[in-house]
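Report on the structure
Below are the chains, spelled out letter by letter.
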Amino acid sequence: MGLKVVLACSLIASTTAFLATPAAPAALRGKQAISQRLTPSLGLRSPLLPAKLSASRSTATGALGLSAKVKAEYVWIGGRGGGGDDYRSKTRILDKMPKTVDELPLWNYDGSSTGQAPGEDSEVYLKPAFMCPDPMRSGDSILVLCEMLNPDMTPIPTNTRTAAAKIFEGHEAEEPWFGIEQEYTLFQDGVPLGWPKSTARPFGETSPLYQFGYPGPQGPYYCAVGYDVSFGRNIMEEHLDVCLAAGLEIGGTNGEVMPGQWEYQVGPCVGIDAGDQLHMSRYLLHRVCEDNGIVCSFDPKPIPGNWNGAGCHTNFSTKKMREDGGLAAITAACDAYGVNHEKHIKLYGAGNERRLTGDCETNSIDSFKYGVADRGASIRIPRFTDADGKGYLEDRRPASNMDPYVVTALIFDTGVLKGDTKAFDNIPSL
């Protein structure tokens, strides 16, 4: 669409530099046919996948003379809501590869087994909304993210996508870009990786062999390299590979402040696509962890005390914010977020009060402030944005278990539109 991306050079050193990539978001580069995006063979292994991963899932379909069917994994959000810990999926075999998501058939599932429908009226419809290659399977395979609908085609309570899409609808000219920083913690046998019965180095002791097990104070683990300071890199690498193979807009990844904690970034994405891609990336993370005997947690404060929690910082800009003089639009949005702070906090993730304490790079959940380069603020304005007078803002309040449909729609509605939506007032599990 010929959009000019600002801050491309100046933000390279920023932790959110992925927002300033030279290429515009996929949704703005022109809609490509799905057959062009799903790799030439429409689901065959991408060269991005490591040989071990590809070989472990390969099948001798041709040698067995099996028919060239398409495996479509329908994915939806279960009864616990869109916080990342309840994805469900099942496989449907198709006769041919769909060119667009609209060609995919409706399906249904037993909502009484997911906490989303009573037993006497248990069928919930699955309406395909987003599709991408399935990197977890060989052959012609796709992942299909679905909306959950009642028989009358209205959304069930845990379907937040429908309401979010309506908020974005009709405002395409605003070009809302989102970059989401998803933090997560890897567990095995009930404890985070790198915790007791581990090889964590006891920093601060006179000898590195003094006490192995309980990790020393945070500081040495952020973006660290080494067997005694980095835990779960194999999961991170495999997840990165499968997300890239699926065609998701992954901007980067890094080790986080707490042992066993990692982050990856999704974006830049436009409008509802940000929620679709984050949900699909979370689903793939769970699949990778499942294969490796690891549990992924999106709890916002997995370890109490002086340890960083897990957030889902959401970076946001509009076309106006990215153009000359855009800082005025950014500060106006920040002022609106302050007025609506309580409304947002209620919808920014369960248990967020354990994380937003005013310590460990957070502002207190009970107050609101924004500032330049301030990681203790509710909203951070990057220093380069302030200097250039245009760019983006970072909402640091969302918890790692936030629903991306709700959060992105709220940020857009409050910061750009009238800020009066009540679409999410009665959402369960938030």
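Procedures and definitions
- Residues numbered from 1 in each chain as written.
- Predicted model: local features only at pLDDT ≥ 70, side-chain atom pairs only at ≥ 80, totals over all residues.
- Heavy atoms only, no water.
- Helix = DSSP H or I, 4+ residues; strand = E, 2+ residues; numbered from the N terminus.
- Buried < 20%, exposed > 50% of the residue type's maximum accessible area, 1.4 Å probe, protein only.
- Contact = heavy atoms within 4.5 Å.
- Areas by Shrake-Rupley, 256 points an atom, 1.4 Å probe, with all protein chains shown as cover.
- Disulfide = S-S within 2.5 Å.
- Phe/Tyr/Trp six-rings, centres within 6.5 Å; stacked < 30°, edge-to-face > 60°.
- Lys NZ or Arg CZ within 6 Å of the ring centre and 35° of its normal.
- Core = buried A, V, L, I, M, F, W, Y, C linked by side-chain atoms within 4.5 Å.
- Salt bridge = Lys/Arg side-chain N within 4 Å of Asp/Glu carboxyl O.
- Expected span 1.5 Å × (residues − 1).
- Pairing = 2+ DSSP bridges.

As for the overall build of the chain
Scanning the chain from N- to C-terminus turns up 11 helices and 14 strands. Per-residue burial over the chain gives 56% buried out of 430 residues. Summarising the internal contacts of the chain: among those between residues at least 6 apart in sequence, 68% fall at separations of at least 24. Split by element, the accessible area of the chain, about 18,300 Å² in all, is 52% carbon and sulfur.

Regarding the state of the cysteines
If you walk through the whole model with that rule in mind, you get zero disulfides. Not part of a disulfide, cysteine 289 finds its nearest cysteine sulfur in cysteine 296, a span of 5.0 Å. Look at cysteine 289 and you get buried, because its relative accessible area is 1%.

A look at unusual backbone geometry
Each neighbour pair has its own omega, and for glycine 267 with proline 268 the value is 5°, a cis peptide bond. One can find proline 268 in strand E9 (residues 261–270). A positive phi angle, close to 70°, is found at methionine 153, a residue other than glycine. In this fold, methionine 153 is placed in the loop between strand E5 (141–149) and helix H4 (161–168). For glutamate 175, which is not glycine, the phi torsion reads 50° and is therefore positive. Within the secondary structure layout, glutamate 175 lies in the loop between H4 and strand E6 (177–188). When its relative accessible area of 9% is taken as the criterion, glutamate 175 is described as buried.

Points about the packing of aromatic side chains
Tallied over the entire structure, the rule returns eight aromatic pairs. Their ring planes at 80° and their centres at 5.1 Å tell us that tyrosine 74 and tryptophan 107 sit as a pair that is edge-to-face. Of this pair, tyrosine 74 sits in strand E1 (residues 70–77) while tryptophan 107 sits in strand E3 (residues 107–110), and the two are 33 residues apart along the sequence. According to the relative accessible area criterion, tyrosine 74 is buried, its value standing at 0%. Grouping aromatic residues by their ring pairs yields a cluster made of Phe168, Phe178, Phe316 and Phe412. The ring of tryptophan 177 carries arginine 322 above its face, with NZ or CZ at 3.7 Å from the centroid.

Focus: the nonpolar core
Ranked by size, the top nonpolar core spans 90 residues in total, and within it Tyr184, Leu186, Leu248, Leu284 and Phe424 carry the most contacts. The biggest single contributor to this core is helix H6 (residues 273–291), with eight residues. If sequence neighbours within four positions are ignored, leucine 186 has contacts with Val191, Pro192, Leu193, Gly232, Ile235, Gly260, Trp262, Cys289, Ile294, Val295 and Cys296.

Some details on the pattern of salt bridges
All chains considered together, the criterion is met by 15 salt bridges. A salt bridge links aspartate 395 to arginine 397, with the shortest nitrogen-to-oxygen separation between them at 2.9 Å. Across the pair, arginine 397 and aspartate 395 agree in class, each one buried. Beyond isolated ion pairs, a larger network of salt bridges with shared partners links Arg80, Asp85, Asp86 and Arg88.

Some words on H6
Its 19 residues place the ends of H6 27 Å apart at the C-alpha level, agreeing with the 27 Å of an ideal helix rising 1.5 Å per residue. Judged by how many residues are buried, H6 sits mostly within the fold: 16 of 19 residues are covered. The first or second residue beyond H6 is glycine 293, which carries a positive phi of 70°.

So, the pairing of strand E11 (residues 312–317)
Of all six residues in E11, six are buried; the element is thus mostly enclosed. What you see with E11 is no split at all: Cys312, Thr314 and Phe316 on one side and His313, Asn315 and Ser317 on the other are buried throughout. The sheet contact formed by E6 and E11 spans six bridges and is antiparallel. In the strand pairing of E11, glutamate 181 is matched with histidine 313. Here E11 pairs with strand E14 (residues 393–395) via three bridges, running antiparallel. Pairing of asparagine 315 across the sheet is with glutamate 394, part of E14.

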